[in-house]
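Remarks on the overall topology
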Amino acid sequence: MYFCGVKEIKSISSTQNPLIKKVLLLKEKSRERKKTGLFILEGVREIELAQKGDYTIKTLLYNPEIASDFSSHPISRNPTIEYVQLSKSVYEKLAHRGTTEGVLAVVESKEHLLENLQFKNPNPLVLVAEAPEKPGNIGALLRTADAANIDAVLIANPRSDLYNPNIIRSSVGCVFTTQIGMGNSTEILEFLKEKNISIFCAALTASKNYVECDFQGGSAIVVGTEATGLSDTWLQHSDQNIIIPMQGEIDSMNVSVSAAILIFEAKRQRGY
């Protein structure tokens, strides 16, 4: 059998197949993703974004009933990818989303080392998120980063697996469109200082109204968790604490909303 000019490796109709068991483990277990350096990706748009982000797709699994027009898509013609046809019942067992396009991929993850980051902009604008945990917040931060086309997102003291299906889904694939670096707070602080990037920490104390700050030079906007805010490590190394004035009863907003406001003020100052 052939699929779009690429020889099919296999056709699977049982959830007891070893490959299907492996895919389920990758979908459900962070430990398996870290051990193998692989993760599961679902949907044509997300697979396209991963390819644009130079991710390597190892295996593409599809159901021809659901993905009826997939044979005309360019990603169905890559001779370096293993193509596997699934029965509808097996595909539905693997699919993470209720509404789906009939296509899944096994993809190689990246290490996201700080030393691999490259800035084309001489005055980079980066977002630093300290210890983000909720997949929805991480995904929303990555969507904001993509929307603003900032230079990088740095995750300090990560607590969540970046390739968790919930993060990929909530980011609508933006995990692949923005440079991401990971490290502990000390490593990221050293990196920012080496790059002459000023540190603006979102904080409630000793803070300046964000619209009064100059973000036109190299700038890192640093946000913490909604529960505890930023740690002393960041506050002690802040060049300027910044605040978004509140007019209601509460003194904080969702971290992704706050980050978006701060980032787009920086973009406004830079003339977008």
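Notes on the structure follow.

Analysis parameters
Residues numbered from 1 in each chain as written. Predicted model: local features only at pLDDT ≥ 70, side-chain atom pairs only at ≥ 80, totals over all residues. Heavy atoms only, no water. 1 Å grid on protein atoms, 1.4 Å probe; cavity = no way out; pocket = protein on both sides within 12 Å on 5 of 7 lines; lining within 4 Å. Points joined across faces, edges and corners; volume = space filled by probe spheres on them. Helix = DSSP H or I, 4+ residues; strand = E, 2+ residues; numbered from the N terminus. Nonpolar A, V, L, I, M, F, W, Y, C, P; charged D, E, K, R; others polar. Pairing = 2+ DSSP bridges. Axes fitted to C-alpha atoms, helices over the stretch in contact; angles between N-to-C directions. Contact = heavy atoms within 4.5 Å. Expected span 1.5 Å × (residues − 1). Buried < 20%, exposed > 50% of the residue type's maximum accessible area, 1.4 Å probe, protein only.

1. Concerning the layout of surface pockets
Estimated volume of the largest pocket: approximately 640 Å³. In terms of lining residues, the largest pocket is bounded by 24 residues, among which Asp151, Thr177, Thr178, Gln179 and Ile180 are the most central. Every element with two or more residues in the lining of the largest pocket is listed here: α3 (44-52) and α5 (135-148). In terms of residue class, the lining of the largest pocket is built from ten nonpolar, eight polar and six charged. Here the second largest pocket defines a volume of roughly 500 Å³. Elements with a minimum of two residues in the lining of the second largest pocket: β14 (240-243) and α9 (255-269).

2. Observations concerning the environment of leucine 113
Of note, leucine 113 is situated in the loop between β7 (103-108) and β8 (125-130). Taking the C-alpha atoms as reference, leucine 113 lies 31 Å from proline 74; in sequence the two are 39 residues apart.

3. A look at the sheet that holds strand β4 (residues 38-42)
Read from one edge of the open sheet, five strands run β3-β6-β5-β7-β4, paired in mixed fashion. Strands at the two margins of the open sheet, each flanked by one partner only, are β3 (10-12) and β4. The sheet shows a mean angle of 25° between the axes of neighbouring strands, taken without regard to direction. Both strand β5 (residues 57-62) and strand β6 (residues 82-86) contribute to a ladder of four bridges, which runs parallel. Paired with leucine 60 across the two strands is tyrosine 83, which belongs to β6. Most of the contacts of helix α1 (residues 18-28) go to β4, to which it runs at about 90°, and overall it touches β3, β4, β5, β6 and β7.

4. Description of empty space enclosed by the protein
One pass over the structure, following the stated rule, counts two cavities of 30 Å³ or more. Its volume calculated, the largest cavity comes out at about 120 Å³. What lines the largest cavity is simply Lys27, Ile40, Leu41, Glu42, Glu46, Leu94, His96, Arg97, Leu104, Pro165, Ile168 and Arg169. Elements with a minimum of two residues in the lining of the largest cavity: β4 and α6 (165-170). The residue inventory of the lining of the largest cavity, partitioned by class, reads six nonpolar, one polar and five charged. Here the second largest cavity is characterised by a volume of approximately 40 Å³. Counting residues per element, the ones that place at least two in the lining of the second largest cavity are α5 and β9 (152-156). In terms of residues, the lining of the second largest cavity owes the most to one element, α5, which gives three residues. Of the residues assigned to the lining of the second largest cavity, the class counts are seven nonpolar, no polar and no charged.

5. Considerations on the sheet that holds strand β12 (residues 207-209)
Overall, parallel pairing links the seven strands, which are arranged β10-β9-β8-β13-β11-β14-β12 in an open sheet. Edge positions in the sheet fall to β10 (180-183) and β12, since each has one partner strand and no second. In this sheet, adjacent strand axes meet at a mean angle of 30° when their direction is disregarded. Pairing of β8 with strand β13 (residues 219-223), which is carried by five bridges, proceeds in the parallel orientation. Within β13, the position partnered with leucine 125 by the bridge is serine 219. Together, β8, β9, β10, β11 (198-202) and β13 form the strand contacts of helix α7 (residues 185-194), whose direction differs from that of β9 by roughly 145°.

6. Here we look at α5
When the terminal C-alpha atoms of α5 are compared, their 20 Å separation across 14 residues agrees well with the 20 Å that a helix rising 1.5 Å per residue should span. Within the span of α5, buried status applies to Asn137, Ile138, Gly139, Leu141, Leu142, Thr144, Ala145 and Ala148. On its buried face, α5 is in contact with β8, β9, α6, β10 and α9.

7. Details of the environment of serine 258
Turning to its location among the elements, serine 258 is positioned in helix α9. Between the C-alpha atom of serine 258 and that of isoleucine 12, which follows or precedes it by 246 residues, the distance is 46 Å. The contact partners of serine 258, leaving out residues within four places of it in the chain, are Ile244 and Met253.

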